[in-house]
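Each chain is listed here by its residues.
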Amino acid sequence: MQMYYLIPLVLMVAGFAYSMYARKKALSEAANMTPEQIEQQFSDFYAQYYELQPGERIIGNWSGVEYQAPAGTARRIAGGVLNAASAAVIGVSTYVPNVHVGLTNSGRVLVSREYSDFGKRGNYKQLTAFEQGTRAFNQDATYPGQDIGSRPGNPFNPLVSLEFIQLRSPSGEIYEAWLSPQGSRHGQNGFSSILQSLG
């Protein structure tokens, strides 16, 4: 038996063990903090992705990938060939950007989108800000019975499936993404979907 087949299993177990250790450590640190300090620490962790207004804090954050409508077969093949050629010639290829969606204490909903800097991914810039009253809808509410394309893999936790979300502001602006149901909202125990906060 070749041992390299066990490498993914060992990495998954190690990742799970580390996440349990980090959670236990965070809980013990949080026990010695005031609620205001916990809220500020939560906001400080996610603030790097957004452009906050004075006095504004992040109270909820959900991560995933940007939604891209399915293309026809011919367009997908042509796009794949062009992407492969681009990567081979200049070392740059297209990708579906990761996104973060944040809820602020003022009720604004902020969307931060990944961009590459000289081919290096992992950079984020705020794409848009929706006003208070923005709501989140699932696939059944936005595209009932329609094919919206294949569900992408979750880049933040491969063990958790992403869910389609459409954000709709009171003025009618929309933004669509595949977001993890394992979002965080200050004051809630455990993970929650954005649908629970904005649905």
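Coordinates for the structure precede this section.
Here the structure is a predicted model, which is why all the values come from computation and not from measurement.

**Q** What should I look at first to understand the pattern of salt bridges in this one?
**A** When the charged atoms of two side chains with opposite charge come close together, those side chains can pair. Enumeration according to the criterion identifies 4 salt bridges in this entry. Across the salt bridge formed by Glu 39 and Arg 57, the nearest N and O atoms sit 2.7 Å from each other. Of this pair, Glu 39 sits in helix 2 (residues 35-46) while Arg 57 sits in the loop between helix 2 and strand 1 (58-66); the two residues are 18 residues apart in sequence, bridging distant segments of the chain. Accessibility expressed as a relative area gives 19% for Glu 39, which makes it buried. Arg 57 gets classed as partly exposed once you look at its relative accessible area, which sits at 24%. When the shortest N-O distance is used, the salt bridge between Arg 113 and Glu 66 registers 2.8 Å. Placement of Arg 113 in strand 3 (residues 109-117) and of Glu 66 in strand 1 is noted, with a sequence separation of 47 residues between them.

**Q** When you look at the environment of Leu 195 in this model, what are you seeing that I'm missing?
**A** Note that Leu 195 resides in helix 5 (residues 194-198). Remark: the alpha-carbon pair of Leu 195 and Ile 165, spanning 30 residues in sequence, is separated by 8.0 Å. Among all residues touching Leu 195, those that are not within four sequence positions of it are Ala 136, Phe 137, Asn 138, Glu 163 and Ile 165.

**Q** What's the story with the pairing of strand 3 in this structure? I'm lost.
**A** Regular strands show a simple pattern: their side chains alternate between the two faces of the sheet. Taken together, the 5 bridges between strand 2 (residues 98-104) and strand 3 define a ladder with antiparallel strand orientation. From the neighbouring strand, His 100 faces strand 3, where its bridge partner is Ser 112.

**Q** Hey, could you run me through the environment of Ser 150 in this one?
**A** Summarising the element assignment, Ser 150 is placed in the loop between helix 4 (139-142) and strand 6 (163-168). It is 8.0 Å that separates the C-alpha atoms of Ser 150 and Pro 70, two residues lying 80 residues apart in sequence.

**Q** Any chance you could explain the environment of Asp 44 here in plain terms?
**A** Examined against the element boundaries, Asp 44 turns out to sit in helix 2. In this structure Asp 44 comes out as partly exposed when scored by relative accessible area, which is 48%. Asp 44 sits 14 residues away from Ile 58 along the chain, and the two C-alpha atoms are 7.8 Å apart.

So, how was this worked out
Every chain is numbered independently, its residues counted from 1 as its sequence is written. Only residues with pLDDT of at least 70 are given local features in this predicted model, and only at 80 or more are side-chain atom pairs given and counted; all residues enter the totals for whole chains, interfaces and linings. Side-chain metrics rest on all non-hydrogen atoms present in the structure, leaving aside hydrogens and water. For this document, the term salt bridge refers to a Lys or Arg side-chain nitrogen within 4 Å of an Asp or Glu carboxyl oxygen. Only DSSP runs of H or I covering at least 4 residues are called helices, and only runs of E covering at least 2 are called strands; the numbering of each starts at the N terminus. Only protein chains enter the accessibility calculation, which uses a 1.4 Å probe; a residue whose area is less than 20% of its type maximum is buried, one above 50% is exposed, and one in between is partly exposed. By definition, residues are in contact when any of their heavy atoms lie within 4.5 Å. Pairing between two strands requires that DSSP report at least two bridges joining them.

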